[in-house]
Amino acid sequence: MNPLVVIPTFISARRSRPASSVVAVYDHATPLSQEGELPRCLESLTSVRGLGHVVVLVASEPGIEDQALAKVRRQAAQFPTLPVAVMGAPELDLVQQRFEQLGIGRLSKEVGLTGYAALRNFGLVVANAFGFDAVVFLDDDAVVSDEDFLERALYGLGKLTRKGVPILAKSGFYYNAQGTYRSQSQERWYDRFWGQARAFNAWIERAMAGPRLSRSNHVCGGCLALHREAFRRVAFDPWIARGEDLDYLLNLRMYGSDLWFDNQWSMRHLPPATASEGDRFRQDIFRWLYENRKIEYSRTQIDLLQVKSASLEPYPGPFLEPGIDRRVRLTALLRSLGRQDRKAYLRAAKAVQGEALSYAQRNCMKYFEFQYAWPELMARVECDAPLRDALLRSIVPTARPQAAACDAPDSRGAGSPAGSNEGSEAEPDAQAAARPAAAVRGLTGTCRGAGIDPGATAQIRLDLAEGE
């Protein structure tokens, strides 16, 4: 298999400002003036066997897009042996322009650089345009310590179980800074109605004690592998505030597939401290209310399989049951009494019957409308030469082909897509050097089916639970 490694990274201005929407709030964003965790992640990839293709997607606050992109390209240039292509706002504009030329229309909410899910969809579109047959998502605060990380990632992907079920999506797991895969969240009296850490630990202990591959109830978005047959068919939900990785598992189930857990595939997750636990919990409130309303709405659609909380015990089943609104509100109120960040927790409690509930009711059906069009969108951009050439010219201007990419005219009167800077002056040497030619080597000449072997079917079936 020929995988594309996709790493989203988030850049903020020196002074943080309120996000324009709930989906634009991130667990951590690196200030422009700081190095952040990305260089450490890229450094760890230099020893990974079989690594051939990496794309870093740069999300930033409005107004600093150019500075953020230049910063990340300078960081990527520190690793000349890595074929890293850095993509940001200019490349997204090329993708959106190509959508318009193909009659798809602009999908700025669904495929973009704002929100966890929209970024992942952007990565999937890029992978599809260049003809990759798998995508491996990695967080920018991850550290890979195994040389065979990609071999473990792709083990079993695309193979069939004993019952003939294809393994099209799989997750590994995190080791945290304490060296354990168990949640270290301390549950105290103010969490009596929550119990998320306890429920997660109960699930992962069982999964780690089982066979190598088992049907998963949980997804680590920074240790996630998708076969092209999964990502061409099912998109991430850009309306979910956070937890888009677990939501993807639920989406797969609704559309007749599943996600698998590999207890021999891991990485280290070393995030910086969260600025505000209360604000993060507020996002969780938006997340769980939206998720419950979305599942409830999905049951009215005759073409979707029902997702039942009982099939997701011990986690996340309890968070997909009626009464979750009461539980999150009580937890926010109790935490405002027992933890720091009191005002943020009070704001979170207030959101339950206000903004969060309204958001869930207003948006619960939008994903299904978008998802209906996703397979056709992906079919149109698969191995799309005009889009591929335009992206290559954008990330490495010195390697631009002479022929114009995206030959079809657009609303700007075209030839080349807007943002490709055709005919502009050459960049300064330092800036051009920050756009490694290795990115072109990594993205041109892709060949589906070449590269990493996902393993022998006979062995994979031995590593599955009985009855799979």
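Residues numbered from 1 in each chain as written. Predicted model: local features only at pLDDT ≥ 70, side-chain atom pairs only at ≥ 80, totals over all residues. Heavy atoms only, no water.

Student: Teacher, can you tell me more about the pairing of strand S4 (residues 84-87) here?
Tutor: Looking down a regular strand, the side chains alternate between one sheet face and the other. The alternating pattern of S4 places Val-84 and Val-86 and Ala-85 and Met-87 on opposite faces, both of which are buried. Note that strand S3 (residues 54-60) and S4 share four bridges and pair parallel. Counted as the bridge partner of Leu-57 is Met-87 from S4. This β-α-β element, S3 to helix H2 (residues 65-77) to S4, shows right-handed connectivity. (Buried < 20%, exposed > 50% of the residue type's maximum accessible area, 1.4 Å probe, protein only. Helix = DSSP H or I, 4+ residues; strand = E, 2+ residues; numbered from the N terminus. Pairing = 2+ DSSP bridges. Right-handed = clockwise from strand over helix to strand, strands pointing away.)

Student: Before we go on, may I ask you to explain the side chain of Glu-37 in this structure?
Tutor: Here Glu-37 is to be found in the loop between strand S2 (30-31) and helix H1 (38-45). Notably, Glu-37 is buried but unbridged: the nearest opposite-charge side chain belongs to Arg-40, and the N-O separation is 5.1 Å. Leave out the neighbours within four places in its chain, and Glu-37 touches His-28, Thr-30, Asp-140, Asp-141, Leu-270 and Pro-272. (Lys, Arg positive; Asp, Glu negative; His and termini not counted. Salt bridge = Lys/Arg side-chain N within 4 Å of Asp/Glu carboxyl O. Contact = heavy atoms within 4.5 Å.)

Student: Quick question: what am I supposed to make of the nonpolar core here?
Tutor: One recurring pattern in soluble globular proteins: nonpolar side chains tend to sit buried together. Counting 137 residues, the largest nonpolar core has Ile-7, Leu-138 and Phe-149 as the members making the most contacts within it. Top contributing element to this core by residue count: helix H4 (residues 116-129), with nine residues. Once residues lying within four places of it in the same chain are set aside, the contact partners of Leu-138 are Val-5, Val-6, Ile-7, Pro-8, Cys-41, Leu-45, Val-144, Phe-149, Gly-222 and Met-267. Listed in part, the six residues of the second largest apolar core include Ile-167, Leu-213, Trp-260 and Leu-464. (Core = buried A, V, L, I, M, F, W, Y, C linked by side-chain atoms within 4.5 Å.)

Student: Any chance you could explain the environment of Leu-138 here in plain terms?
Tutor: Its place among the elements puts Leu-138 in strand S5 (residues 134-138). Judged by its relative accessible area of 1%, Leu-138 is buried. For Leu-138 and Pro-8, which are 130 residues apart along the polypeptide, the C-alpha to C-alpha distance reads 7.6 Å.

Student: Help me out: how do you make sense of H2 in this one?
Tutor: An α-helical turn contains 3.6 residues, so a residue and the one three or four places further along point in the same direction. Taking 1.5 Å of rise per residue, the 13 residues of H2 would be expected to cover 18 Å, and the 18 Å separating its terminal C-alpha atoms lies within 8% of that figure. Listed in full, the buried residues belonging to H2 are Ala-68, Leu-69, Lys-71, Val-72, Arg-73, Gln-75 and Ala-76. (Expected span 1.5 Å × (residues − 1).)

Student: Can you help me understand the confidence of the model for the protein in this one?
Tutor: Caution applies to low-pLDDT parts of the model: their predicted coordinates are not meant to be read in detail. Overall, the prediction assigns the protein a mean pLDDT of 87, with 87% of residues at 70 or greater. The model gives residues 398-436 a pLDDT under 50, and that stretch makes 62 contacts with residues more than four places away or in other chains. (pLDDT = per-residue confidence, 0-100.)

Student: Can you walk me through the environment of Glu-43 in this structure?
Tutor: With respect to the element layout, Glu-43 can be found in helix H1. Assessed through its relative accessible area of 49%, Glu-43 is described here as partly exposed. Remark: the alpha-carbon pair of Glu-43 and Gln-78, spanning 35 residues in sequence, is separated by 9.1 Å.

Student: Just checking my understanding: could you explain the environment of Pro-314 for this structure?
Tutor: Structurally, the position occupied by Pro-314 is in the loop between helix H9 (277-298) and helix H10 (324-338). Between the alpha carbons of Pro-314 and Phe-200 there is a distance of 7.2 Å; along the sequence they are 114 residues apart. In this structure, Pro-314 is in contact with Ala-199, Ala-202, Trp-203 and Arg-206, ignoring residues within four places of it in sequence.

Student: Please explain the pattern of salt bridges as it appears in this structure.
Tutor: Pairing of side chains with opposite charge becomes possible as their charged atoms draw close. The final tally for this structure, using the stated rule, is 28 salt bridges. Measuring nitrogen to oxygen at the nearest pair gives 2.9 Å for the salt bridge that ties Asp-247 to Lys-294. You can see Asp-247 sitting in helix H8 (residues 244-254) and its partner Lys-294 sitting in helix H9, a full 47 residues away along the chain. You'll find Asp-247 and Lys-294 in the same group, each marked buried. Of the charged contacts, one joins Arg-347 and Asp-279 as a salt bridge, the two residues approaching to 3.0 Å between their closest N and O atoms.

Student: Help me understand the packing of aromatic side chains in this model?
Tutor: Tallying each qualifying case throughout the model produces 24 aromatic pairs. Note on Phe-149 and Trp-265: the rings are 5.7 Å apart at their centroids and 55° apart in plane angle, and the pair reads as tilted. One end of the pair, Phe-149, is in helix H5 (residues 149-154); the other, Trp-265, is in strand S10 (residues 260-269), with 116 residues separating them in the sequence. Neither Phe-149 nor Trp-265 differs from the other in exposure class; each is buried. Here the aromatic cluster, defined as three or more aromatic residues joined through ring pairs, consists of Phe-173, Tyr-175, Tyr-181, Trp-194, Phe-200, Trp-203, Phe-261, Phe-281, Trp-288, Tyr-315, Phe-319 and Tyr-345. Over the ring of Phe-319 we find Arg-327; its NZ or CZ atom is 4.8 Å from the centre of that ring. (Phe/Tyr/Trp six-rings, centres within 6.5 Å; stacked < 30°, edge-to-face > 60°. Lys NZ or Arg CZ within 6 Å of the ring centre and 35° of its normal.)

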